[in-house]
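The primary structure of each chain is shown beneath.
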Protein chains: 2
Amino acid sequence: MATPERDDAAIVISLERVALERWADGDPGAFLDLSAAEVSYFDPFAARRLDGLAALRSLYEQLRGRIHIDRFEMIAPRVQIAGDVAVLTYRFDSYGGDGVVRWNTTEVYRKDPDGWKIIHTHWAFNQPQTAA
Amino acid sequence: MATPERDDAAIVISLERVALERWADGDPGAFLDLSAAEVSYFDPFAARRLDGLAALRSLYEQLRGRIHIDRFEMIAPRVQIAGDVAVLTYRFDSYGGDGVVRWNTTEVYRKDPDGWKIIHTHWAFNQPQTAA
């Protein structure tokens, strides 16, 4: 049976999937549209956390047109609802010219008057084989 | 001037710091006490996300007494409050026998009737040098 929490979870997963599909085509626009002004962001390439939409926009615009993912899998997405917050976690397997890259992903969404917005993003490698 | 949000941020950072100090001495107990039944957990060693306190307890109990961190730095902690949720993010530099290990950390806390509880943890390496 449908419940508000289940609906919210499905909406958040759907928003994320559409943004990933555009990302896979080199377009960061959907993630930028989804991100809140206060967004915080970690990825494995940046020395520091990015704070705020302007900083995230600067990074993403440098990547526009440079990303191409042939196909991806969003694995075991889970949404934890807490008030107006939805914590979406999943693994992300990205297939392209370099083979597969495996990620762990956290997205914290907040339900704002104008819809769900991402207030925190954390991208990390799943089981990286680190150099000695 | 003190505000409720600023107080909540200080409390969450303080809870985390105390748990890290016990962790640095090989004791995962404070993190287990802080974690909610529904907790989700990513780290760079696990193939999959852990879901639920029993799974997290199983991992942490395997590590009890095996972790020793000489000293650590919690760098640039930031708390984003959204309703009863606090998203704490920081970098964590851990100094020990192997030199320094640098991390990116996300902790999502929820304010429950019995206090702040962690509903999601994401530990990842900061700028890992991956093997070719």
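Residues numbered from 1 in each chain as written. Chains lettered and ligands numbered in written order. Predicted model: local features only at pLDDT ≥ 70, side-chain atom pairs only at ≥ 80, totals over all residues.

What follows is about the relation of the copies chain A and chain B. With an axial shift of 0.0 Å and an RMSD of 0.0 Å, the rotation relating chain A to chain B amounts to 180°. The symmetry that links the two subunits is that of a two-fold axis. A high fraction, 100%, of the interface residues of chain A reappear at the interface in chain B, so the copies pair face to face through one surface. (Least-squares fit on C-alpha atoms with pLDDT ≥ 70 in both. Contact = placed C-beta atoms within 7 Å.)

Residues and elements named next belong to chain A. What the six strands build is an open sheet, ordered 2-1-6-5-4-3; its pairing is mixed. In this open sheet, the two strands that pair with only one neighbour each are strand 2 (50–51) and strand 3 (71–82). The pairing of strand 1 (residues 35–42) with strand 2 spans two bridges and is antiparallel. Each bridged residue has a counterpart across the sheet, and for Ser40 the counterpart in strand 2 is Asp51. Along the sheet face, helix 1 (residues 4–24) touches strand 3, strand 4 (85–96), strand 5 (99–112) and strand 6 (115–125) and points at about 150° away from the line of strand 3. The strands touched by helix 3 (residues 53–63) are strand 1 and strand 2; relative to strand 1, the strand with the most contacts, the crossing angle is about 60°. (Pairing = 2+ DSSP bridges. Helix = DSSP H or I, 4+ residues; strand = E, 2+ residues; numbered from the N terminus. Axes fitted to C-alpha atoms, helices over the stretch in contact; angles between N-to-C directions.)

Taken together, the 31 residues of chain A in the interface contact 32 residues of chain B. If you list the elements that add at least two residues to the side of chain A that touches chain B, you get strand 1, strand 3, strand 4, strand 5 and strand 6 of chain A. Of the residues forming the side of chain A that touches chain B, the biggest block, five residues, is contributed by strand 6 of chain A. Across the side of chain A that touches chain B, the residue classes tally to 14 nonpolar, eleven polar and six charged. (Nonpolar A, V, L, I, M, F, W, Y, C, P; charged D, E, K, R; others polar.)

Positive phi, normally seen in glycine, also occurs at Gln127(A), with a value near 45°. By the secondary structure assignment, Gln127(A) is in the segment after strand 6.

Take helix 1 (residues 4–24) of chain B next. Residue and element names in this part refer to chain B. For helix 1, built from 21 residues, the straight-helix expectation of 30 Å at 1.5 Å per residue is met to within 8% by its first-to-last C-alpha distance of 30 Å. All buried positions along helix 1 are accounted for by Val12, Leu15, Glu16 and Ala19. Buried residues of helix 1, seen end-on, are gathered within an arc of 90° and therefore sit on one face of the element. For helix 1, the exposed residues set more than 90 degrees away from the buried face come down to Arg6, Asp7, Ala10, Ser14 and Val18. (Expected span 1.5 Å × (residues − 1). Buried ≥ 20, exposed ≤ 12 C-beta atoms within 10 Å, placed from the backbone. Arc of directions from axis to C-beta.)

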